[in-house]
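# Chain and residue survey
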Amino acid sequence: MVPTRCLGEHEIINILRQRLELMPDMSVPFGDDVSAVPIGNDGKMAVLKTDMLVAKTDVPSKMSLYCAARKAVVMCVSDFASKGVQPTAVLVALGLPKCLATQNAVIEIADGLNSAAREYGAYIVGGDIGETDDLTISVSLYGMANQDAFMLRNGAKFGDVLAVTGLFGKSAAGLELVLGKDCVVSSKNRLALESAVFSPHARLTEGLVLSKNKCVSASIDSSDGLAWSLYELMRMSGVGFIVETLPVAAEVVEFAGQNNLSIEQLVLYGGEEYELVLTINPENWQIAKTVVEAVGGNLIAIGKATVEKDLILMVNGVKQPIKPCGYEHFKI
């Protein structure tokens with residue numbers, strides 16, 4: 001008897017998509033970072049997003065309940081950030097095992113949820129709770145936007161600047177430490193790397209200002225890893241990318257050297273960075289950089305969009321392919 005093959009997350013999504021009757025004239029294509037439905041006839045859209053945090057796959061053993069609950073909200077907010085939409089309301093479905101149905105645990109979870117929601121200008125307005133075998137926090141966001149304001153995944157054009165809102169690799173390196181692997185690291189770097197795991201931040205301010213100034217041709221949240229995010233932009237926009245500058249954090253360079261790890265692996269395939277990966281018309285580059293820096297953010301050019309539909313990393317003048325992979329449920 002041939003064993004049944006376990007599908008990956010992306011295959012499962014594709015099957016579900018094929019079996020669903022899609023809403024006609026969707027302003028945000030199915031499979032983008034958020035969903036949207038029209039409200040009235042004036043171009044206003046209700047923007048929706050849901051994401052789920054499960055302790056077994058998303059919460060390292062050293063992560064507190066407060067940090068886990070906060071992360072569950074940040075995951076969703078990052079997707080709103082990539083579309084340039086302000087979230088206003090949050091619904092939370094909370095699944096608790098009996099061992100966490102205690103006053104102290106529930107207070108810690110509530111404080112983490114509320115802290116993250118208020119940090120990004122939203123309020124938790126309700127939800128549901130039930131008994132589960134593992135801690136599960138399902139977060140749904142709601143916001144409003146004009147139909148022409150979205151920064152979608154499918155607008156990149158040949159010659160566009162490829163950019164990111166921050167440096168990569170810290171979450172992957174930090175996870176090595178959090179999981180207790182035998183690594184060499186300075187106390188200063190340990191704090192920075194572990195903080196990337198325990199206290200991630202969504203780039204909502206940057207996304208909002210870029211959307212307001214209509215600087216961006218395509219945008220995606222990088223939580224599944226830089227390589228996979230580039231692949232998704234490439235697939236949905238019909239272009240290729242060449243990465244000429246790897247956006248690696250200094251702490252990651254030092255950590256990789258001390259522990260004989262690949263910088264490219266940590267930067268490209270780590271995931272859970274919650275940065276924005278963007279394409280910008282060269283004519284809009286200076287405006288985009290200026291408005292992002294004006295709100296305290298960074299915009300880093302790392303390459304460009306190409307006619308050839310390949311994903312390439314340029315290293316010391318040598319081109320090498322970037323594999324279209326990243327974190328995927330059911331494949332780890």
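### Overview of the overall build of the protein
A tally of regular secondary structure across the protein gives eleven helices and twelve strands. Relative to its length of 332 residues, the protein is compact, with a C-alpha radius of gyration of 20 Å against a globular reference of 20 Å. The dimensions of the protein, computed from C-alpha atoms along their principal axes, are 60 × 60 × 55 Å. For the protein, long-range pairs separated by at least 24 residues make up 82% of all intrachain contacts whose partners lie at least 6 apart in sequence. A total accessible area of about 16300 Å² is found for the protein, and carbon and sulfur atoms account for 54% of it. Here the protein holds 28 positive side-chain charges and 38 negative ones, and the gap between their average locations is 2 Å.

### A word on the sheet that holds strand β3 (residues 87–96)
Taken together, the five strands give an open sheet; going across it, the order is β1-β2-β5-β3-β4, and neighbouring strands pair in mixed fashion. In this open sheet, the two edge strands, each paired with only one partner strand, are β1 (35–38) and β4 (123–131). Across the sheet, the mean angle separating the axes of adjacent strands is 20° when strand polarity is ignored. Note that β1 and strand β2 (residues 44–54) share four bridges and pair antiparallel.

### Some thoughts on the environment of Lys-304
Inspection of the secondary structure assignment puts Lys-304 in strand β10 (residues 300–306). Counting along the chain gives 22 residues from Lys-304 to Pro-282, while the straight-line C-alpha distance between them is 9.6 Å. Beyond its immediate sequence surroundings of up to four residues, Lys-304 is in contact with Asp-160, Leu-162, Gly-240, Phe-241, Ile-242 and Glu-244.

### A look at helix α8 (residues 226–237)
Under the 1.5 Å per step criterion, the end-to-end length of α8 is 16 Å for twelve residues, consistent within 8% with the ideal 16 Å. Within α8, ten of the twelve residues are buried, which leaves the element mostly enclosed by the surrounding structure. Among the residues making up α8, those that are buried are Leu-226, Ala-227, Trp-228, Ser-229, Leu-230, Glu-232, Leu-233, Met-234, Met-236 and Ser-237.

### Let's talk about the pattern of salt bridges
One pass over the full model with this rule turns up 14 salt bridges. A salt bridge links Arg-235 to Glu-232, with the shortest nitrogen-to-oxygen separation between them at 3.0 Å. Residue Arg-235 and its partner Glu-232 are located together in helix α8, separated by three residues, close to a single helical turn. A relative accessible area of 9% means that Glu-232 is categorised as buried.

### As for the packing of aromatic side chains
In this structure the tally under the stated criterion is one aromatic pair. Plain terms: the ring middles of Trp-228 and Tyr-231 are 5.0 Å apart, the flat faces sit at 40° to each other, and that makes the pair tilted. Here Tyr-231 and Trp-228 lie together in helix α8, a separation of three residues that amounts to about one turn. Given a relative accessible area of 24%, Tyr-231 falls into the partly exposed group. Above the plane of the ring of Tyr-123 lies Arg-118, whose end atom (NZ or CZ) is 3.8 Å from the centre.

Rules used throughout
- Residues numbered from 1 in each chain as written.
- Predicted model: local features only at pLDDT ≥ 70, side-chain atom pairs only at ≥ 80, totals over all residues.
- Heavy atoms only, no water.
- Helix = DSSP H or I, 4+ residues; strand = E, 2+ residues; numbered from the N terminus.
- Rg over C-alpha atoms; globule rule 2.2 N^0.38 Å.
- Contact = heavy atoms within 4.5 Å.
- Areas by Shrake-Rupley, 256 points an atom, 1.4 Å probe, with all protein chains shown as cover.
- Lys, Arg positive; Asp, Glu negative; His and termini not counted.
- Charge placed at Lys NZ, Arg CZ, Asp CG, Glu CD.
- Pairing = 2+ DSSP bridges.
- Axes fitted to C-alpha atoms, helices over the stretch in contact; angles between N-to-C directions.
- Expected span 1.5 Å × (residues − 1).
- Buried < 20%, exposed > 50% of the residue type's maximum accessible area, 1.4 Å probe, protein only.
- Salt bridge = Lys/Arg side-chain N within 4 Å of Asp/Glu carboxyl O.
- Phe/Tyr/Trp six-rings, centres within 6.5 Å; stacked < 30°, edge-to-face > 60°.
- Lys NZ or Arg CZ within 6 Å of the ring centre and 35° of its normal.

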